[in-house]
Amino acid sequence: PRQNFKITATANIEHDGLKNYSGINHILIGTTGQAKRLEAISINIEGIDFAYDVHMEKIGDLKGSIEGQVEGSIGQSKRLEGITINVKNIPNGYRLIYRTHIQNQGWGKWCNSNEYSGTKGKKLRMEAIEIKIEQE
């Protein structure tokens, strides 16, 4: 039987503040078509051990966030520009993939664990991230 992974997230979105998201095996965090930057993010997935790094305006790479930790800023008007999700442990037969929606570029390619999704040094905001847990 297919396993269900509950994904929950909180994001700080430009002009909208903190928003909560949840899904089973799939989640879309943030907005598209509204020109709003993601400023902070926190992600939890039941049954999967992972961490994430983000790249933030004027600060650069923020490394080693553990699952559920807020990464980014609140009240500083700084954009996240990209993210790397590092899967440490996932049940056999499953994989986590993700992609980001970037200002003026739209959706990027699907990334596997440890791959950077987004831009660096281009002054482009990450507007959304989509995460999926798939059977291999």
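Shown above is the structure to which this text applies.
Each value, and the rule that gives it
Residues numbered from 1 in each chain as written. Predicted model: local features only at pLDDT ≥ 70, side-chain atom pairs only at ≥ 80, totals over all residues. Heavy atoms only, no water. Helix = DSSP H or I, 4+ residues; strand = E, 2+ residues; numbered from the N terminus. Buried < 20%, exposed > 50% of the residue type's maximum accessible area, 1.4 Å probe, protein only. Contact = heavy atoms within 4.5 Å. Areas by Shrake-Rupley, 256 points an atom, 1.4 Å probe, with all protein chains shown as cover. Lys, Arg positive; Asp, Glu negative; His and termini not counted. Charge placed at Lys NZ, Arg CZ, Asp CG, Glu CD. Pairing = 2+ DSSP bridges. Patch = residues over 30% accessible without salt bridge, like charges linked within 9 Å, V, L, I, M, F, W, Y side chains within 5 Å. Salt bridge = Lys/Arg side-chain N within 4 Å of Asp/Glu carboxyl O.

Novice: Explanation requested: the overall build of the protein chain in the structure shown.
Specialist: Looking only at helices and strands, the protein chain has zero helices and twelve strands in total. Starting at the N terminus, the α and β elements of the protein chain follow one another as β-β-β-β-β-β-β-β-β-β-β-β. In terms of overall dimensions, the protein chain has a C-alpha envelope of 45 × 25 × 25 Å along the principal axes. The 136 residues of the protein chain split such that 50% are buried. Within the protein chain, contacts between residues at least 6 apart in sequence are counted, and of these 60% link residues at least 24 apart. When the accessible surface of the protein chain is totalled, it reaches about 6,700 Å², and 43% of it is carbon and sulfur. The averaged location of the 16 negative side-chain charges in the protein chain is 4 Å from the averaged location of its 18 positive side-chain charges.

Novice: Sorry, what's going on with the sheet that holds strand β12 (residues 126-135) here?
Specialist: One key point about sheets: their strands pair by backbone hydrogen bonds, in either a parallel or an antiparallel sense. With antiparallel pairing, the four strands of this open sheet are ordered in space as β3-β12-β9-β10. The open sheet has two edge strands, β3 (26-30) and β10 (106-107), and neither has a second partner. Alignment of β3 against β12, held across five bridges, turns out to be antiparallel. Bridge pairing in β12 places Leu 28 opposite Glu 130.

Novice: Explanation requested: a nonpolar patch on the surface in the structure shown.
Specialist: Taken together, the side chains of Leu 18, Val 70 and Ile 74 define a hydrophobic patch exposed on the protein surface, amounting to about 290 Å² of accessible area. Among the structural elements, Val 70 can be located in the loop between β6 (60-66) and β7 (71-72). Relative accessible area serves as the criterion here: at 47%, Val 70 is assigned to the partly exposed category.

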